[in-house]
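What follows is the residue order along each chain.
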Amino acid sequence: MRLFLLPIILSSIFSCCDHQKTEDQEFIDEDGLFIEVVDSLGDGKPNAYNRDNTIYLPEREFVFTYSFIDKEGRECWFSREGYGVKSKDSLTTKMITALSIEVQENNDFFDTDPDYNQTLLAYKYYLYNDSISWPLEHTGVIENAKNVWMHPWRRAKYFYYLQLNPYPFIKHPYEIGHSWDWGFKLGSQWGYKEWRTWEGNIDLQHHYEIVAKENISTPYKAEIPCYVIEATGDTQLGETRLTAYFNDELGFIKLQYINIDSTQMTIELKEIRGMDE
């Protein structure tokens, strides 16, 4: 598998793979991340890697609120299409007030990369009046009977923070105490002088553990039963943290990040469009 982190492709992440099989599905173990084996890719229309999804289904759009806590403790949004930070009390037309992922039916990367093996997502950034801040990003999620793993938002510049944090990831068995590791190499294009810069690639090592099962309330719904995953990201630059809340039917509904410079970001589900209640 070649796992791509767009719009800029990172260095090769995986070094080995192992085939595993459940009762009715075969998987490839790519250094701890399981990818389902599909019998035919077709022409990418529709995407063969959508077939076994139960959460991230084509045409669903998961809309999230977010907040950024800066070093002074102010609750902020990003402005100027992600290049600025302003207090939520200073609302302007250029402030990003919500985020979303929209599941795509087709694999639009097929012509240039027929081996792309993820469900394709469009990542959107909404301004205060619900208009979309262009351009859109396209990247992916991996959902199957073994694990669910998702790219973070990463529009320049302040969403680049999330590249240094653990990615949203849950892995079977969904049991308290279950832990696992995953990592990859991150290129210097994801750094900024406001928090960290580096030369070449750095190794990111992420450690995950399911620590609890709790009912969590978000703007979408109250008392949603969730698995709570605590994750740390370690590099020579320092440590980052993620607390992720995952529901079997809704996916990742809340993400709480502690960034490399101790700023914080919280992302919470507020709406699912295209989903029958």
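Cut-offs used in this document
- Residues numbered from 1 in each chain as written.
- Predicted model: local features only at pLDDT ≥ 70, side-chain atom pairs only at ≥ 80, totals over all residues.
- Heavy atoms only, no water.
- Helix = DSSP H or I, 4+ residues; strand = E, 2+ residues; numbered from the N terminus.
- Rg over C-alpha atoms; globule rule 2.2 N^0.38 Å.
- Buried < 20%, exposed > 50% of the residue type's maximum accessible area, 1.4 Å probe, protein only.
- Lys, Arg positive; Asp, Glu negative; His and termini not counted.
- Charge placed at Lys NZ, Arg CZ, Asp CG, Glu CD.
- Core = buried A, V, L, I, M, F, W, Y, C linked by side-chain atoms within 4.5 Å.
- Contact = heavy atoms within 4.5 Å.
- Salt bridge = Lys/Arg side-chain N within 4 Å of Asp/Glu carboxyl O.
- Phe/Tyr/Trp six-rings, centres within 6.5 Å; stacked < 30°, edge-to-face > 60°.
- Lys NZ or Arg CZ within 6 Å of the ring centre and 35° of its normal.
- Polar contact = N/O pair within 3.5 Å; in protein donor to acceptor, adjacent residues only side chain to side chain.
- pLDDT = per-residue confidence, 0-100.
- Pairing = 2+ DSSP bridges.

To continue, consider the overall build of the chain. Looking only at helices and strands, one finds 0 helices and 17 strands in the chain. Its C-alpha radius of gyration of 18 Å places the chain within 12% of the 19 Å reference for a compact globule of 277 residues. Taken along its principal axes, the extent of the C-alpha atoms in the chain is 55 × 45 × 40 Å. Looking at the chain residue by residue over its 277 residues, the buried ones come to 56%. The averaged location of the 45 negative side-chain charges in the chain is 8 Å from the averaged location of its 26 positive side-chain charges.

This brings us to the nonpolar core. In terms of nonpolar packing, the biggest core is built from 76 residues, with Tyr56, Trp153, Ile170 and Ile267 touching the most fellow members. Among all residues touching Trp153, those that are not within four sequence positions of it are Phe64, Leu99, Ser100, Ile101, Tyr123, Lys124, Tyr125, Phe159, Leu162, Leu255 and Ile267.

A few words on the pattern of salt bridges. As a working rule, side chains carrying opposite charge can pair if their charged atoms are close by. In total, this model carries 12 salt bridges according to the counting rule given. Across the pair Glu61 and Lys124 runs a salt bridge, and its minimum N-O distance is 3.9 Å. One end of the pair, Glu61, is in strand E4 (residues 61–69); the other, Lys124, is in strand E8 (residues 119–127), and 63 residues separate them in sequence. Each member of the pair, Glu61 as well as Lys124, is classed as buried.

What characterises a pair of aromatic rings is the spacing of the ring centres plus the angle enclosed by the ring planes. Evaluated as defined, the whole model comprises 30 aromatic pairs. Ring geometry for Tyr123 against Trp153: centres 5.7 Å apart, planes inclined by 70°, an arrangement best described as edge-to-face. Remark: Trp153 occurs in the loop between strand E10 (147–150) and strand E11 (169–171) and Tyr123 occurs in strand E8; sequence separation between them is 30 residues. A relative accessible area of 0% places Trp153 in the buried class. Among the aromatic side chains, those forming a connected cluster through ring pairs are Tyr66, Phe68, Phe78, Tyr125, Tyr158, Phe159, Tyr160, Tyr161, Trp190, Tyr192 and Trp195. The lysine or arginine in question, Lys146, covers the ring of Phe34, its NZ or CZ lying 4.8 Å from the ring centre. Sitting over the face of the ring of Tyr245, Lys254 holds its NZ or CZ atom 5.6 Å from the ring centroid.

Relative accessible area serves as the criterion here: at 5%, Glu61 is assigned to the buried category. Only 2.7 Å separates the side chain of Glu61 from the side chain of Ser100, close enough to count as a polar contact. In this view, Glu61 contacts Ser100, Ile101, Glu102, Lys124, Tyr126, Glu271, Ile272 and Arg273; residues no more than four positions away in its chain are not counted.

For the rest of this paragraph, the subject is the environment of Arg273. Tracing the backbone shows Arg273 in strand E17 (residues 264–273). Of the residues examined, Arg273 reaches a relative accessible area of 26% and is grouped as partly exposed. Through-space distance from the C-alpha of Arg273 to that of Arg60 is 5.6 Å; in sequence the pair is 213 residues apart. Apart from the residues within four sequence positions on either side, Arg273 is in contact with Glu59, Arg60, Glu61, Val63, Tyr126 and Asp130. Side chain to side chain, Arg273 and Glu271 meet in a polar contact 3.1 Å long.

With that settled, consider the confidence of the model for the chain. Within the chain, residue pLDDT values average 89, and 91% of them lie at 70 or more. Low pLDDT (under 50) marks residues 1–16, which in the prediction has 59 contacts with non-local residues, meaning those over four places away or in another chain.

Bringing the pairing of E4 into the picture now. Buried residues dominate E4, accounting for 7 of its 9 residues. Direction of pairing for E4 relative to strand E7 (residues 96–103): antiparallel, over a ladder of 4 bridges. By the bridge assignment, Val63 is partnered in E7 with Ser100.

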